[in-house]
Amino acid sequence: MSAGGILSGAFMHREPGLKDLLDPMEFRELCESFASHFKVGLRIIDSDKSSVIHIQGPGELCRKIKEVSGGIERCTRIVELIKQVEIEDGAQVVGCFTGCNYQVFPIRYDDRVLGRLVFGPYVPDESAEISDLPPGMPETEILENRTSITMMSDDDAYESSEMIAKVVEAAVFGGYKVMVTSSIHVESLSESYKRLQEKNRELEKMNLKLKELDLLKSNFLATISHELKTPLTSIIGYSEMLLEGLAGGINEEQGTYLSTIMTKSEELLKLIGNILEMAKIESSAVQLELTPSDPGAILENAVDTLRPQARKAGIHLVSKTQIGMPKILVDSDKLRQALVNILSNAVKFTGNDGRIIALADLIEDHSISLKTEAEQIFGAEPRPMIRYTVLDSGIGISRDQLDRIFLSFYQVDGSATRGYGGVGLGLSIARALVEAHGGRILVKSATGRGSQFTVLVPAKVEV
Ligand code: ADP
């Protein structure tokens, strides 16, 4: 297929003209050197008759004619003739009233005439006939000025302009190649861009759908949980009454069954509480009730909540808080809840005879082991913060799971046969609550070597 065919097909909306194919700067220089070599004027005219390059020939004849009355009209007629003359079948000679001639040569590419090369004016011979002069321009003046115009035969002029036309055609060919290549590039780029936009639109749609589904899921869970909560509270209440013998005496076996009903129901209630809490966090930003609070008391309170469970599991749970920490402006219930969630995981994933250490201290500068993390989170400017650390000697978490444990409903062991309770909400709730305070939770862990959760909270002391 020819380049023109390709271009006129998929890539171009219109046929390229000479102006599109020739580099005007470079090409002008080339034409100037031809014009000065042959001492003639040169002109390249596009297929739409507009001028691409125009180099005046030597002499003053043309300028002088334009100055006398009727001169411009006559010149314009010649120029029009040069632009209109039929050259499909080959070059034409256009004669001027001054006796000068112009060679008008077709510039072809791919069998199509893209434009014309005009070579002249030149004087074909001394006796070249003068006719139809403008009034005010005597023949003697024409003859006098004609001497400064190059004299050459029509045959020589034909050969010279043929040579120049060939050079122009070679340049046009080069221009076509560049244009085809860049058109293909542009075409394939815009094709990829279109595809990318389509994909983007699809992704946006899917994203919207996912958000809708997510909201639906949260609403569904919240409604179901709410509906479950009331009967469950009754089950716990009635079991308690039965256990206390309010409905008559019960034997030991019945007592054991009732205790199991109560513990399992309480677990279920906690789980429902978590789902409701998460739904609340997802549907609106966490609302904090900030009050000046003792950071050490918050930790002790959370540890106390977990003590019975730790004791039952045979775990040594110790806590230590730095003395003399200032009161900080936090929502103590929410911060306590975050610590309870972390501590209850520590208890859950640490076996009999394991150890859990819970610490609270104040970091006034970043010159401690946490320097890099703190700087990454809070910036290089040292700011006082409260650090809660929960260390356990439990099963640990592998490095590749560390990023995911904070996702809602994510559990490292998500199998149906997993040995630990929970639904994978504790850490995502803890993270939302800590981040609402402008803080962060960091985790370090290794399988079989225990875990260390660090909660950093900016120690704001006033509003
Ligand atoms: P879950 O209710 O399952 O405990 P969480 O969001 O609290 O949900 O924790 C997510 C997962 O992270 C847990 O299922 C567990 O696999 C892992 N994990 C959290 N804390 C610890 C820990 N102290 N030791 C080992 N694994 C932990």
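Placed above this text is the structure.
Only a predicted model underlies this, so the values are computations on that prediction, with no experimental measurement involved.

Q: Please set out helix α9 (residues 295–312) residue by residue, giving values where relevant.
A: Compared with the 26 Å implied by 1.5 Å per residue over 18 residues, the 27 Å span of α9 between its first and last C-alpha is a close match. If you look at α9, its biggest bend is around 40°, right at leucine 306, and the proline proline 308 turns up within four residues after that. Pro295, Gly296, Ile298, Leu299, Ala302, Val303, Leu306 and Ala310 are the residues of α9 that are buried. Packing partners of the buried residues in α9 comprise β6 (291–293), β7 (316–321), β8 (328–330), α10 (332–348), β9 (355–363) and β10 (385–392). For α9, the side-chain oxygen to backbone nitrogen distance between the N-cap and glycine 296 is 2.9 Å, and the N-cap itself is aspartate 294. Downstream of α9 by a residue or two, glycine 314 has a phi angle that is positive, lying close to 70°.

Q: An account of the sheet that holds β7 is needed here, citing residue identities and associated values.
A: Sheet architecture is open: 5 strands sit in the order β7-β9-β10-β12-β11, paired in mixed fashion. Each edge of the sheet is formed by a strand with only one pairing partner; in this case those strands are β7 and β11 (440–445). Sheet twist, expressed as the mean angle between neighbouring strand axes with direction ignored, is 15°. With 8 bridges connecting them, β9 and β10 associate as antiparallel partners. Counted as the bridge partner of isoleucine 356 is aspartate 392 from β10. Of the strands in this sheet, β7, β9 and β10 are in contact with α9, which crosses β7 at around 175°.

Q: Any details on the site of the ligand? Residues and values, ideally.
A: Around the ligand sit 20 residues in total, of which Asn345, Lys348, Asp392, Gln411 and Leu427 are the nearest. At a separation of 2.7 Å, an oxygen atom of the ligand approaches a polar side-chain atom of asparagine 345. The side chain of lysine 348 places a nitrogen or oxygen atom 2.9 Å from an oxygen atom of the ligand. Notes on the ligand: free accessible area 530 Å², of which the protein chains cover 95%. Secondary-structure elements contributing two or more residues to the shell around the ligand are α10, α12 (426–436) and β12 (451–458). With 3 residues, α10 is the largest single contributor of residues to the shell around the ligand. Here the residues of the shell around the ligand are counted per class, giving 11 nonpolar, 7 polar and 2 charged.

Q: Give a description of the sheet that holds strand β2 (residues 51–55) that names residues and reports values.
A: Strand order in the open sheet made by the 5 strands is β2-β1-β5-β4-β3, with antiparallel pairing throughout. Two strands lie at the open edges of the sheet, namely β2 and β3 (92–95), each paired on one side alone. The sheet shows a mean angle of 20° between the axes of neighbouring strands, taken without regard to direction. By the bridge criterion, 4 bridges tie strand β1 (residues 42–46) to β2 in an arrangement that is antiparallel. Residue pairing across strands places leucine 42 opposite isoleucine 55, the latter belonging to β2. Packed on one face of the sheet, helix α3 (residues 24–38) meets β1, β2 and β5 (112–122) and runs near 35° to β2. Contacts from helix α7 (residues 154–243) reach β1, β3, β4 (101–109) and β5, with the element oriented near 30° to β4.

Basis of the calculations
- Residues numbered from 1 in each chain as written.
- Predicted model: local features only at pLDDT ≥ 70, side-chain atom pairs only at ≥ 80, totals over all residues.
- Heavy atoms only, no water.
- Helix = DSSP H or I, 4+ residues; strand = E, 2+ residues; numbered from the N terminus.
- Expected span 1.5 Å × (residues − 1).
- Bend = angle between axes of the 7 residues up to and from the residue.
- Buried < 20%, exposed > 50% of the residue type's maximum accessible area, 1.4 Å probe, protein only.
- Contact = heavy atoms within 4.5 Å.
- Polar contact = N/O pair within 3.5 Å; in protein donor to acceptor, adjacent residues only side chain to side chain.
- Pairing = 2+ DSSP bridges.
- Axes fitted to C-alpha atoms, helices over the stretch in contact; angles between N-to-C directions.
- Near = heavy atom within 4 Å.
- Areas by Shrake-Rupley, 256 points an atom, 1.4 Å probe, with all protein chains shown as cover.
- Nonpolar A, V, L, I, M, F, W, Y, C, P; charged D, E, K, R; others polar.

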